[in-house]
Every structure is written in C-alpha cells, then in structure tokens.
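What follows is the residue order along each chain.
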Amino acid sequence: MALNLVMFGPPGAGKGTQASQLAESRQVPQISTGDILREAVQAGTDLGRQAKAVMDKGELVSDEIIVGIARERLSRSDARDGFILDGFPRTVAQAVALDEILTGREALIVVELSVPDDELIQRLSRRRVCGQCGATYGAADGESPVSCASCGGALVQRSDDREEVVRERLRVYREQTEPLVAFYQDRPTFRSVDGNQSLDAVQTAIGLAIEAAADAARGQSATIG
Ligand SMILES: [Zn+2]
C-alpha cells in the first residue's frame, strides 16, 4: 500500500527528523513546500516564475501557486507509491485542493505530532547552532555543548530560538494549524501522536499510527466498495 502522508508538528517537535527517517525507511520522497518552491523558482517553470515575481515584491505566494507547484510535484513518478508532505497544506483551501489532487489515489493519512508549548520552549531554548558549519546541537536534556564537535566552531543561539520569538512562532503555528486539524480530525485516517517522548519512541508511535490509519482506510473502502 502507498504511503500518502501529511505531517503536522509545531517548531521544535522533531517533525523534520521524523519525516526524513520515515522517508528513508519507506523509500518515499519527503516533500517540503519550501524546497519545492525553491526548486520551481530555480527551474524557471511557469509557476516558479509567478512565485518569484510575488516573492520579489515581498508578498506571500498565493494558495493557487502553491497548490499548482504541489500538484506538479505529486504527479512525478517518484511520488506514485507515496510521499511525505511537510509544510503543505498550510491552509484549509490548500487541504481541499490536496484532496482533489489525490482523487483516485490511496487514502491520505494525516499525522499530527503533539508536544506541549512549555516543552517546545525548553527544547528550543537549549538549541545551539555552530557559527561556522551550521550543525545543530542540544535538543536533548542537560547542558548545551559550547563548541562544535565536528569543526570546533563556537555555538550560538539562533535569534529565532529566543523565548519571546519561540512563543510567537508557536502562536502563529497554532493559529494556522488549528483550522487544518479541525478539517482532518474526523477522518478515520487522522492520528495525533504524542511527540513528548524520546526520538525512538516517537518514531515507533508514528509507525503504529500509520498502520492504524491505513487499516481504518481499508475498512472504510471495504464498506463503501
Ligand atoms: Zn561546526
């Protein structure tokens, strides 16, 4: 069965790490909106040129352009047997369009990584980045290291990992994501996973959630069919 997956998760929840591990173990592409947008702009496709014109004006790229770029990406052969979407959909309009794009394909599974705000604020405030090579440290418990293990560079806090900035990022995330969770949560293929555990435990929980959602999807299509 194809793995057609959307993952949601607040900043600091470890969504990127989990998504890339999953993409590797399931041999499906991890599709991040930022990446496909940059790719389309670089490739100079029609949609990429439109997106660039909007971004050059400092405006937000419209749902229509984002959906067009996502549609293009999801139609490529490497996404035929599944994909992990990361950062798309971001609005209910995009979610509606995604359902339409996936018509006739296997059920969309939606996994939300859930972590309490206080825990995210702690994790992000412990995070340090190497000023020389960009390596990231210190999401784990305990004291943050002070120098980079790979290049010896000094570790600094990213300005957007400061507490007041993190609180604002979390507020924006909740504001954007709540309508999406409301849109998906009544589906049998929606699962919320406790992200406040070790990386391995979260990985296991996501695997189980995907299996349960796939079973629910099969049950549903058997009932309909
Ligand atoms: Zn370094």
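One can find the structure itself at the top, above this paragraph.
Let me begin by describing the structure that accompanies this report. Quick caveat: nothing in here was measured; it's all calculated off a predicted structure. (Residues numbered from 1 in each chain as written. Predicted model: local features only at pLDDT ≥ 70, side-chain atom pairs only at ≥ 80, totals over all residues. Heavy atoms only, no water.)

### Focus on the overall build of the chain
Looking only at helices and strands, the chain features eight helices and eight strands. For 225 residues, the compact-globule estimate of 2.2 N^0.38 gives 17 Å, and the chain sits close to it at 19 Å. With the principal axes as the frame, the chain shows a C-alpha extent of 60 × 40 × 30 Å. Looking at the chain as a whole, 40% of its 225 residues qualify as buried. Residue pairs at least 24 apart in sequence account for 68% of intrachain contacts in the chain once pairs closer than 6 positions are excluded. Accessible surface computed for the chain: about 12,000 Å², of which carbon and sulfur atoms make up 49%. (Helix = DSSP H or I, 4+ residues; strand = E, 2+ residues; numbered from the N terminus. Rg over C-alpha atoms; globule rule 2.2 N^0.38 Å. Buried < 20%, exposed > 50% of the residue type's maximum accessible area, 1.4 Å probe, protein only. Contact = heavy atoms within 4.5 Å. Areas by Shrake-Rupley, 256 points an atom, 1.4 Å probe, with all protein chains shown as cover.)

### Quick word on the packing of aromatic side chains
In the structure shown here, the tally under the stated rule is two aromatic pairs. A centroid spacing of 5.0 Å and a plane angle of 80 degrees characterise the contact between Phe183 and Tyr184, whose relative ring orientation is edge-to-face. Using a relative accessible area of 0% as the deciding quantity, one classes Tyr184 as buried. Here the aromatic cluster, defined as three or more aromatic residues joined through ring pairs, consists of Phe8, Phe183 and Tyr184. (Phe/Tyr/Trp six-rings, centres within 6.5 Å; stacked < 30°, edge-to-face > 60°.)

### Quick notes on unusual backbone geometry
Pro89 follows Phe88 through a cis peptide bond whose omega is 0 degrees. Mapping Pro89 onto the fold places it in the loop between β3 (82-86) and α5 (92-101). Positive phi, normally seen in glycine, also occurs at Gln27, with a value near 55 degrees. With respect to the helices and strands, Gln27 occurs in the loop between α1 (15-26) and β2 (30-32). Residue class for Gln27 comes out exposed when judged on its relative accessible area of 67%.

### Things to note about the pattern of salt bridges
Considering all chains together, one arrives at 17 salt bridges under this definition. One salt bridge in this structure joins Arg218 and Asp215, with 2.7 Å as the shortest N-O distance. Taken together, the positions of Arg218 and Asp215, both in helix α8 (residues 199-224) and three residues apart, correspond to about one turn of that helix. Of the residues examined, Arg218 reaches a relative accessible area of 43% and is grouped as partly exposed. The class of Asp215 is partly exposed, set by a relative accessible area of 47%. Several salt bridges share partner residues, and in doing so they unite Arg127, Asp161 and Arg169 into one network. (Salt bridge = Lys/Arg side-chain N within 4 Å of Asp/Glu carboxyl O.)

### As for the coordination of the zinc ion
Coordination of the zinc ion by the protein comes from Cys130 (SG), Cys133 (SG), Cys148 (SG) and Cys151 (SG), over a distance range of 2.3 Å. Note that the zinc ion binds four donor atoms; their angles at the metal cover 97 to 118 degrees, and the shape is tetrahedral. Every donor residue of the zinc ion comes from the same chain, spaced as C-x2-C-x14-C-x2-C. Of this pair, Cys133 sits in the loop between β5 (128-130) and β6 (136-137) while Cys148 is found in the loop between β6 and β7 (155-156), placing the two residues 15 residues apart along the sequence. (Donors = N, O, S within 2.8 Å, 3.2 Å for Na, K, Ca; no water. Tetrahedral: all angles 85-135°; square planar, octahedral: opposite > 155°, others 65-115°.)

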